[in-house]
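So you can see what is in the structure, the chains are spelled out below.
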Amino acid sequence: MLRILIVLSLFYGILNALSLQEAIDLTLRHNPSIKEQEYLLQESKANYKTYQSPFYPSLNLTYGTQRSNRFQRADKKTSGNLGGSVQYNLFNGFSDVYNLKSAKALLQSQDYQLEATKEDVILLVKSAYINVLRQAKNVEIAEQSKVLLEEQRRENAEFYRVGLIQKNDLLKIEVELNNTLQNLLSYQSALNYALRDLERYTRTKITLKDLEELEPKRWNLNFENLKKEMLQRRAELLFIDKIIESKGYLVQSAKGEFLPEVNFIGDYTRYGDDYALRGRDGIYKDEASVQLAFNLNLFDGFSDKYNIESAKTNKLAFESQRIALIEDLELQLFSALESYNLALNALEIAKLALKQADENYRISKNRYTQRIDSTSDFLDAELSLTQARSNVAINTYAIMEFLAQIERITQTLLR
């Protein structure tokens, strides 16, 4: 029975563990920034549909009635009319075609904006998840240091009682222990904040035992290959490409103002003596007309010319923005890759230093117990061991953090 309870307890813990991917999935479902971009995408879809309207005919219904102090006809002072018209554009210099293409490009750009927002949120969640693990490790190291110092304090108290050490040696331990306790409180507070930060993204109550420990990955990453992936996949670049494409279509649309506009127009009107259109027998005739209207603007104060110039310069501005964005992303990638490689090498050194610090602490403890080393020497050994543990933790989680940044910059899942 006890075995069954243990197995069920472990199984329950596994079921309730929150992996990094699960944290990301929870955040993507509830994040308000993503919801905002989804609504903006819906707005872009509606805007795109409005630019389809010029390809449909325009239908209008008109009604009018009039009463005057003068006779309209014979002894009638009232009149009325009911009419309908249809208008269909046959040609307008292709402005409607290019406007529609521009709107479609803007719609596609909003898709990329949504994608970029999701990637930003994913990086935030990864950083928050890693930060919880980092702060938890800091708490663990501080607690280990506290245990060592408490043990050392007990030994020093005994040495002091029998007169083997001076009181200032005992006070050194007390001071260092109090400093460690302060650090422990600070790390615990940072851990609580990190957990709250992760809960803010996932909108789920989280405890430290719910999270899964991550392992640092060692990848052989090449800057040029990563740069190529970045230029092909980065959503912000694809977003601005679509903006530039949209601006190009607007330039073509503006050129259409120099071309004629051709419309087909059909009208029908029914008249009468009053608002009900009565009293029309033998007097009023229904009016119907069909016309093909041709309109060409010969001069409009150079507004067409400057509209084209404005559209062209606006496109050039976004092209310059794209160049600046690429340069910024390349520098971000270089920095993240350099930091990643630095952390990898630093971790190997830190692991070696930890082994040495652990051995040094063991030796120093034995020598101190035999009263060969002083209290200061023993404290130095303990501080070196704590610092070595901290360096391993710092570089371990730095590797994870920089990998997450590289994946965001290149928008590629590293395998």
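Reading the values: rules and limits
Residues numbered from 1 in each chain as written. Predicted model: local features only at pLDDT ≥ 70, side-chain atom pairs only at ≥ 80, totals over all residues. Heavy atoms only, no water. Helix = DSSP H or I, 4+ residues; strand = E, 2+ residues; numbered from the N terminus. Rg over C-alpha atoms; globule rule 2.2 N^0.38 Å. Buried < 20%, exposed > 50% of the residue type's maximum accessible area, 1.4 Å probe, protein only. Contact = heavy atoms within 4.5 Å. Areas by Shrake-Rupley, 256 points an atom, 1.4 Å probe, with all protein chains shown as cover. Polar contact = N/O pair within 3.5 Å; in protein donor to acceptor, adjacent residues only side chain to side chain. Salt bridge = Lys/Arg side-chain N within 4 Å of Asp/Glu carboxyl O. Core = buried A, V, L, I, M, F, W, Y, C linked by side-chain atoms within 4.5 Å. Expected span 1.5 Å × (residues − 1). Arc of directions from axis to C-beta. Axes fitted to C-alpha atoms, helices over the stretch in contact; angles between N-to-C directions. Parallel < 35°, antiparallel > 145°, perpendicular 65-115°, else oblique.

Chemist: Even after reading the chapter, I still don't get the overall build of the chain, so can you show me in this structure?
Modeler: What the chain contains, in helices and strands, is nine helices and four strands. Listing the helices and strands of the chain from first to last along the sequence gives α-α-α-β-β-α-α-α-α-β-β-α-α. A compact globule built from 415 residues should have a C-alpha radius of gyration of about 22 Å, whereas the chain, at 38 Å, is more than 25% larger. Here the C-alpha coordinates of the chain stretch approximately 135 × 50 × 45 Å along the principal axes. By residue count, 36% of the 415 residues in the chain fall in the buried class. Within the chain, contacts between residues separated by at least 24 positions form 81% of all contacts whose residues are at least 6 apart in sequence. Total accessible area on the chain stands at roughly 25,200 Å², and carbon and sulfur atoms take up 54% of it.

Chemist: Help me understand the side chain of Glu 407 in this model?
Modeler: Secondary-structure assignment places Glu 407 in helix H9 (residues 375–410). You can call Glu 407 buried: its relative accessible area is 14%. Among the polar contacts made by the side chain of Glu 407, one reaches the side chain of Lys 126 at a distance of 2.6 Å.

Chemist: What should I look at first to understand the pattern of salt bridges in this one?
Modeler: What the rule picks out here adds up to 17 salt bridges. With its nearest N and O atoms 2.6 Å apart, the salt bridge here joins Glu 407 to Lys 126. Highlighted residues: Glu 407 in helix H9 and Lys 126 in helix H4 (residues 95–161), separated in sequence by 281 residues. In this structure Lys 126 comes out as buried when scored by relative accessible area, which is 13%. Residue Glu 150 is joined to Lys 146 by a salt bridge in which the shortest nitrogen-to-oxygen separation is 3.2 Å. Here Lys 146 and Glu 150 lie together in helix H4, a separation of four residues that amounts to about one turn.

Chemist: Help me understand the nonpolar core in this model?
Modeler: As a rule of thumb, nonpolar side chains are buried together in soluble globular proteins. Val 125, Tyr 129, Val 132, Leu 198 and Leu 211 are the most contacted members of the largest nonpolar core, which has 35 residues in total. Put simply, the parts of the chain that give this core at least two residues each are helix H2 (20–30), helix H3 (32–50), H4, helix H5 (167–202) and H9. In terms of residue count, H4 provides more of this core than any other element does, 16 residues in total. With 21 residues, the next largest nonpolar core counts Met 230, Leu 237, Leu 329 and Ala 398 among its residues.

Chemist: Is there a simple way to explain H3 in this structure?
Modeler: Residues that lie three or four places apart on an α-helix share one face, since the helix turns once every 3.6 residues. The terminal C-alpha atoms of H3, which comprises 19 residues, lie 27 Å apart, in line with the 27 Å expected from a rise of 1.5 Å per residue. Those residues of H3 not exposed but buried are Ile 34, Gln 37, Leu 41, Ser 44 and Tyr 48. End-on, the buried residues of H3 take up no more than an arc of 65°, which puts them together on one face. Opposite the buried face of H3, by more than 90 degrees, sit the exposed residues Tyr 39, Gln 42 and Lys 49. A side-chain oxygen of the first residue of H3 lies 3.0 Å from the backbone nitrogen of Ser 33; this N-cap is Asn 31.

Chemist: Which parts of the structure should I look at to understand the packing of H3 against H4?
Modeler: Axis angle and axis distance: for two packed helices, these are the angle between their axes and the distance between the axes, and together they describe the pair. Close contact between H3 and H4 brings their axes to 9 Å; oriented N to C, the two are set at 170°. As judged from the angle between their axes, H3 and H4 are roughly antiparallel. Contacts between H3 and H4 involve Ser 33, Ile 34, Gln 37, Glu 38, Leu 40, Leu 41, Ser 44, Lys 45 and Tyr 48 on the former and, on the latter, Leu 100, Ala 103, Lys 104, Leu 107, Gln 110, Asp 111, Gln 113, Leu 114, Thr 117, Lys 118 and Val 121.

Chemist: Mind showing me how you'd approach unusual backbone geometry here?
Modeler: Despite not being glycine, Arg 203 has its phi angle at roughly 55°, a positive value. Relative to the assigned elements, Arg 203 resides in the loop between H5 and helix H6 (223–233). Overall, the relative accessible area of 54% leaves Arg 203 in the exposed class. Look at Gln 411: it is not a glycine, yet its phi comes out positive at around 55°. Its place among the elements puts Gln 411 in the segment after H9. Its relative accessible area of 10% is what places Gln 411 among the buried residues.

Just geometry here; none of it tells us what the structure is for.
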